[in-house]
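Next come the chains, spelled out residue by residue.
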Amino acid sequence: MANAALEAFVLKVRAPWTLRHSTPDHAATEAASAHSPIAYAAPDDEITFDLPTSLYRSGTNHDHDQVAHLKLRDAAVPTEVNLPEFDGPEQRYCPAGVYEYVLSTA
C-alpha cells in the first residue's frame, strides 16, 4: 500500500523502478485442488456493490465492438488445461468479468 501511494501521489505514476519477484507467474500458480473456494459475502450496497454498479461507478468505458487485445497461442489451452487444473484463472484477469467460460449446451 505504501508503494502504491508513493507511486500514485508523490511520483505521479512515474516511478523509476519496477517491483519484481524471482518466480515466474506460471511457476507460482498452484492447482485449484490445493485451495478451497472463497465464500464472499453478498454486497451490502454501502461499502461493497454488485458488479454492474461497481463498473458504472468506475467510469470505465470501452467500445462494444473493440478488437480483442489478448491473443492465444493455442486456443485449446484455456479449456483443456487451465479450466480443469487451475479453475480457469482467465476469469479473474479483469474485475469486469469480461473473460468468461461459456458452457456449451450442444
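Just so we're clear, the structure is a prediction, and the values are computed from it rather than from any experiment. (Residues numbered from 1 in each chain as written. Predicted model: local features only at pLDDT ≥ 70, side-chain atom pairs only at ≥ 80, totals over all residues. Heavy atoms only, no water.)

**Student:** How do you make sense of the overall build of the chain when you look at a structure like this?
**Tutor:** Helices and strands together make up the secondary structure of the chain, namely 4 helices and 0 strands. Each helix (α) and strand (β) of the chain, taken in turn from the N terminus, gives the series α-α-α-α. Computed over its C-alpha atoms, the radius of gyration of the chain comes to 18 Å, more than 25% above the 13 Å expected for a compact globule of 106 residues. With respect to the three principal axes, the spread of C-alpha positions in the chain is 55 × 40 × 35 Å. Every one of the 106 residues in the chain was classed for burial, and the buried ones make up 5%. Considering only intrachain contacts with a sequence separation of at least 6, the fraction spanning at least 24 residues in the chain is 30%. For the chain, the accessible surface area stands at approximately 9,900 Å², while carbon and sulfur atoms represent 57% of it. Distance from the positive charge centre (7 side chains) to the negative charge centre (15 side chains) of the chain: 13 Å. (Helix = DSSP H or I, 4+ residues; strand = E, 2+ residues; numbered from the N terminus. Rg over C-alpha atoms; globule rule 2.2 N^0.38 Å. Buried < 20%, exposed > 50% of the residue type's maximum accessible area, 1.4 Å probe, protein only. Contact = heavy atoms within 4.5 Å. Areas by Shrake-Rupley, 256 points an atom, 1.4 Å probe, with all protein chains shown as cover. Lys, Arg positive; Asp, Glu negative; His and termini not counted. Charge placed at Lys NZ, Arg CZ, Asp CG, Glu CD.)

**Student:** Please clarify how the environment of Leu 6 should be interpreted in this entry.
**Tutor:** Here Leu 6 lies in helix 1 (residues 2-10). For Leu 6, a relative accessible area of 33% gives the class partly exposed. Not counting chain neighbours up to four residues away, the residues in contact with Leu 6 comprise Leu 11 and Trp 17.

**Student:** What am I meant to see in a negative patch on the surface here?
**Tutor:** A surface patch of negative charge is lined by Asp 44, Asp 45, Glu 46 and Asp 50. Relative to the assigned elements, Glu 46 resides in the loop between helix 2 (25-28) and helix 3 (51-58). (Patch = residues over 30% accessible without salt bridge, like charges linked within 9 Å, V, L, I, M, F, W, Y side chains within 5 Å. Salt bridge = Lys/Arg side-chain N within 4 Å of Asp/Glu carboxyl O.)

**Student:** Help me understand unusual backbone geometry, please; the structure alone is not making it clear to me.
**Tutor:** The phi angle of most residues is negative, glycine excepted, and most peptide bonds adopt the trans form. For Asp 45, which is not glycine, the phi dihedral falls at a positive 60°. Position of Asp 45 relative to the elements: it lies in the loop between helix 2 and helix 3. In the Ramachandran plot, Asp 87 falls in the positive-phi region, its phi being about 60° despite a non-glycine side chain. The exposure class of Asp 87 is partly exposed, given its relative accessible area of 37%.

**Student:** Would you mind going over the packing of aromatic side chains with me for this structure?
**Tutor:** Aromatic ring pairs are reported here in terms of the distance separating the ring centres and the angle at which the planes meet. Applying the stated criterion to the full structure yields 1 aromatic pair. When the ring centre of Phe 49 is taken as reference, the NZ or CZ atom of Arg 57 above it lies at 4.3 Å. (Phe/Tyr/Trp six-rings, centres within 6.5 Å; stacked < 30°, edge-to-face > 60°. Lys NZ or Arg CZ within 6 Å of the ring centre and 35° of its normal.)

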